[in-house]
Structure formats: structure tokens, C-alpha cells
Amino acid sequence: MTTQYLDKYFENRTFYNIQSQSMIDNPDQRIVDDLNNFSGSALGFALALFNATINLISFSGILYGIYPPLFFVLLVYSIGGTAISVLLGKNLVGLNFMQEKKEADFRYGLVRVRENAESIAFYGGEASEIQLLLQRFKQSFDNYTQLLIASRNLDFFTSFYRYLIQLLPAAVVAPLYFAGKIEFGVINQSFSAFNNVLSDFSIIVYQFQSLSAFSAVVDRLGEFTDILDEQNALSQVAFQNGGLPTDQLEPDGIVASLTLASTAKSRISLVDVEVSSSASHPLLALENVTLYTPQYSMSLFKELSLVVNKGENLLIMGASGSGKTSLLRAIAGLWRSGSGAIKRYVKNSVEGGEENNREGGASQIRNEEVVESGGVQDKINGALLQDPESMGSGEVFFLPQRPYMVLGTLRQQLLYPRWSEEEASTDTSNGSLPFISKQNHIKSKAVQGLPPNDDQLVQVLERVRLGHLMDRCDGLDSNVEWASVLSLGEQQRLAFARLLLSRPQLALMDESTSALDESNEVSMYTALQESGVTFISVGHRSSLRRFHKIILQFEEAKGSSGTTWTLSRLTEADSPARRTG
Ligand SMILES: Nc1ncnc2c1ncn2[C@@H]1O[C@H](COP(=O)(O)OP(=O)(O)OP(=O)(O)O)[C@@H](O)[C@H]1O
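What UniProt states about the protein under its Sequence similarities (unreviewed entry) heading is, verbatim, "Belongs to the ABC transporter superfamily. ABCD family. Peroxisomal fatty acyl CoA transporter (TC 3.A.1.203) subfamily."

The subject of this paragraph is the site of the ligand. The environment of the ligand is formed by S20, T293, P294, L300, G318, S320, G321, S322, G323, K324, T325 and S326. Looking at the shell around the ligand element by element, the count peaks at three residues for helix 13 (residues 324-332). A breakdown of the residues in the shell around the ligand according to their chemical character gives two nonpolar, nine polar and one charged.

Let's shift gears to the packing of helix 19 (residues 454-463) against helix 22 (residues 488-502). The interhelical angle for the contact between helix 19 and helix 22, taken along N-to-C directions, is 130 degrees, at an axis separation of 9 Å. Here helix 22 runs oblique to helix 19, going by the angle between their axes. Of the two possible hands of crossing, helix 19 and helix 22 adopt the one that is right-handed. The residues of helix 22 that touch helix 19, namely those facing V460, L461 and R463, are A497, L500 and L501. Among the residues making up the contact of helix 19 with helix 22, the classes are represented as five nonpolar, no polar and one charged.

Before going further, it helps to examine unusual backbone geometry. Cis geometry marks the peptide bond from Y416 to P417; its omega dihedral reads -5 degrees. Mapping P417 onto the fold places it in the loop between helix 17 (410-415) and helix 18 (420-426). Non-glycine residue R465 carries a positive phi angle of around 60 degrees.

Attention now goes to the UniProt feature "transmembrane region" (unreviewed entry) in the protein. When the UniProt feature table is mapped onto this chain, "transmembrane region" (unreviewed entry) is found at residues 42-64 and 70-93. Annotation note: span residues 42-64, helix share 100%, strand share 0%, distance between end C-alpha atoms 32 Å. When the span residues 70-93 is considered, its composition is 88% helix and 0% strand, and the gap between its end C-alpha atoms is 34 Å.

What follows deals with the pairing of strand 8 (residues 534-538). Across the five residues of strand 8, five count as buried, placing the element largely inside the fold. The pairing of strand 4 (residues 314-318) with strand 8 spans three bridges and is classified as parallel. Looking at strand 8, one finds that L314 is bridged to I536. Sheet analysis places strand 7 (residues 506-510) next to strand 8, joined by five bridges and oriented parallel. Pairing of L506 across the sheet is with T534, part of strand 8. Remark: the strand 7/helix 23 (residues 518-530)/strand 8 crossover connection has right-handed handedness.

Conventions adopted
- Residues numbered from 1 in each chain as written.
- Predicted model: local features only at pLDDT ≥ 70, side-chain atom pairs only at ≥ 80, totals over all residues.
- UniProt positions renumbered as here; feature names shortened; annotations may be inferred.
- Near = placed C-beta within 6 Å.
- Helix = DSSP H or I, 4+ residues; strand = E, 2+ residues; numbered from the N terminus.
- Nonpolar A, V, L, I, M, F, W, Y, C, P; charged D, E, K, R; others polar.
- Axes fitted to C-alpha atoms, helices over the stretch in contact; angles between N-to-C directions.
- Parallel < 35°, antiparallel > 145°, perpendicular 65-115°, else oblique.
- Left-handed = near helix turned anticlockwise from the far one by under 90°.
- Contact = placed C-beta atoms within 7 Å.
- Buried ≥ 20, exposed ≤ 12 C-beta atoms within 10 Å, placed from the backbone.
- Pairing = 2+ DSSP bridges.
- Right-handed = clockwise from strand over helix to strand, strands pointing away.

And the structure:
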């Protein structure tokens, strides 16, 4: 179940939609605790029911044989008892549901402290953190108090129900013994049969508390499953739709009904156009794209059209909050609320690598800058960037504003997110889980060619001026908490190393050099230009202009919501030659 849920959670970026649109609380807790409780309790209840059935068959015959009315009295008594326990415990399900949520919120609060330890320590925010955490704990505690009160009331009733009836067999059977109708041993026999049948009939009454906890777990998992299925169905619809008007879709089954409901508001159509290697083609085209925030609560920009050709790097500038990152989200397919079309031109990745190789020759200015910024250019050109067979080359690579450091070795940092499948196939640690089928897993990004060897990884590290990490951290296999150990600028350079290793056709970079000094920034951008990758950067610094050919500027529209945009070609004045001259 865990692998199934993980597959669904990661399929079609559902984890991102759940998080960015706050669709559901604590998916992690549902995957870990709720699945555990569900499987454990389901097995427990199934066994209890099976036991009770066998027991009932065995003992009801005995009891019925001794005195038939006793059997029927017991039946009526247990039906009444079940009804009263359902009445008394009906709010237990809701309370158990909330208890799971509140405890998960509290635990998540503690995880956030661990993740942001340094920022909290710099702010000196300990007192506020304790207060916030205690607030969460108090909510959990208050709910637990209510849960205890409801359980206590139910427990009073259950005990009363269990003991009240104990007198009945004695009261009925003793007179029969004194009348000489039955043997003395039959009294004991009737007690035993009576209690067995009572507990079988009363399985709901006795297990009500666990049943209500189970029911809360089922509710939480059901809610989660619905969201996962709905998101995946929506993505399939969007995929099948591929830019067609929704009325052209086949109206069959759940997918079609979701189509009609979900496309009441229009969505941007995202089309991957396959092109042959020989044809000259753009890398990206936006046609009349109007973008809204995911819930359509705010319009960001309207009717944006642009084309990015190979080598025509695009710079996006504008005020904070004007929608620059959101445009990258739309290009990456994360945000679809709006209208218009985004076309990404993709081709065979091996061909892409060859083309990169052919275009690997750098201009004079680039070479000068590279020598100045690191002096390892010859090695890079010779061993790495001109060896397409050894490189991965996907289509679009995204460098987010906040570099993401995975939990793992330096090698895994560098290879992320490519080659993970290859690693998984050589990983023997899954051997103890034979039921996990590899086919079920989300495919990592398709990679052609061999993964880079250690020498190449070290060269790229040196190219991004992180060669010292090899000595400092005990080589490529050292495993530390990278997000805490590396400075923000070092993390951004590591992200560039990933990009250089991945060598996509198009890179989307969101303020990915914001923490770097100017010399490092020049070095990173130069290396990227050298590798033949076309890039779209979001940034605030005017020093970035020299690496780009086109600029898209967002400006606040006066007197109306949203922003206006202007697209212009960067003039020669922005080139590095002019600047230095
Ligand atoms: N998940 C979200 N739901 C709703 N609104 C959002 C969401 N994410 C961002 N926004 C809003 O969308 C607007 C554009 O955000 P975006 O991140 O694109 O800005 P930006 O131009 O990149 O800003 P900055 O330069 O500060 O990074 C902002 O007003 C932001 O508050």
C-alpha cells in the first residue's frame, strides 16, 4: 500500500498541487501512520470477526439446547446495547480524526524547527517557536481531553452492559436445577456458553473505541485517495486534451466527467512538439498566454506571446510579485490556470547532445572570461562538454529560487535528478522488499547515454569553483546535511553543476545566482553559455543583461489588476565587449 500511495503521490506532480493549493493536511502522516493503522486494524478486525463467528456457531447450540429463551434475550440485549453505544460514541470518529490531524500538525511544527534551525537561531526566535509549538500541542491536548471524556462515558456504559446481564443465567437456570430438571454441571456450562455468545453478539459494543479510531483512519485515507485520484485523472485529461477544446473529448467514464467539471475555467494548453533534428525550430513558444494564480484568485499577466530560439537567451525582469516565477511555473507545467498555449519543442536527446557538441566552440570573449574565472576550461571542453555520450541531455531543466539539497552523498547531489533509476537498479537495499515492483515506480527523467564518471564529476565541481569540497568533505561519497553545511552561494553553484551535467536544451533559472558575487555569477553564466544550453533567467541585477539577447519586463499596470509586459531585444551596449572596452 505504501508503494502504491507513493506512486500516486508523485505521479503527475500531485505532491506539488496538494502542497501549493493546501488541498489536504499532512499527507506524510497519512502515508506513514494512517496506512500502518489501517493495515494493522483491518487485519485485527477481520480476525476478531472470524473468531466471533466460529465461537458463536459453537456456543449458541449449547446455550439454545439448555434454555432457548436465554438465547433470544441475549440477541435482543446485544442489539439494544449496540444501538446505545453507537449513540454514545458517535462523536468519537470525529474526535479521533481531529486527534490524528492535531498530532501531525504538532510533529510537523517540530520538523520545521529542525529544518530551519539556523534561521530561528539567527532571529533568536526560540520564545516564539515554543509558543507556537505549545499552541499546537494544546490543540492536540484539548482534543485528546474531549476524546478521553467521550471514551470514559462509553466505557461506563460498556461495563454496565457487560455486568448487568451476568445475573440472568443464574436467575433462569438455578430454578431449573432446584426443580431437578438439569444437572449441577449444566449451570456452569450455561454460564460459559452465555458469556461466549454475549461477547460474540457484542463485538461492536466491546470494540467500539477501536472501531471509531479505525473509521477515522479510513476517512483520512479515503479523503487522501480521492484527492490523489482526482488530481491524476485531471492530469490525464489535460494530457489527453493536449490543447483541444474540451467539447472534443470522448464523454466516457470518470475522466470525462471530471473534464467537464474541471475545465469550467479554462486551462493553459501545454504542448510538447516533437521535431526532427534537421529542422530549424524554436525551443519554446508562448501564444497569447494569460496566467492566473492556481485558484484563479489573481490575474498575473495577459496575452503574452514570445518565441525563444536556440541561443537566444531570455531575461525576465520586473518588480517583486509581478509574476516572473509564475511564468516559469507555467512553462514547467506546474501552473495551468489561464488560457493560451505553451509549446515546448523537444527532440531526440542524443541528437541534442550532438548538436550541443557541434556548437561547443566558444567565442573569443567567452574564452577570455573562462580563463579569468577558473582556468579549467580546457579540461572541461576536452573531457566533458564535448563528450555527448557521457552526458545526460534532457529538454528542460529548472533551477529554483531556493536551491534544493537532497539527502545523500555529494555524488547524488551532483547527479540529481538524473540517473536515479540507474542507481535504483544497482541498489540492493530493496532486496528485503520483494513485493515492490520496479514498474510501479515513477520513472525518473529519461536519460540517454552513460552517467558521468568520477573524474568528470570532479571537473564540473571545479568548473563551478567547488573543487575544495572534495578535500573538505572526504570525496564524492561523503554524506552530510548539505543544506546546513554549504553556504547559499555554494548551494547555488552546486545547482549549476547539476545543470552542466544535465545539459538540457533549455534551462529555466529563477534568480539562481542571487547569492553569488559578481565574479562567480560571470563564471557560472559563462560556463552555461559554453555548454550550448539556451536559458531563460529571472533576475533583478542589470549585470545579467550581458548574457541575454531578449528581455521581458513586467510592470505594474496603473489603475487595474495584473501587470503589463514589454518584450525587447537587448542592444549591443549590453554585450561584455562594449562594457570592457
Ligand atoms: N501558490 C500560490 N497561490 C496564490 N498566489 C500565489 C501563489 N504563489 C505565488 N502567488 C502570488 O502570485 C504573485 C506572483 O508571484 P511570483 O512568485 O511569480 O512573483 P515574482 O515576480 O517571481 O516575485 P519575486 O521577484 O519577489 O520572486 C505574487 O503576488 C504571489 O503572492
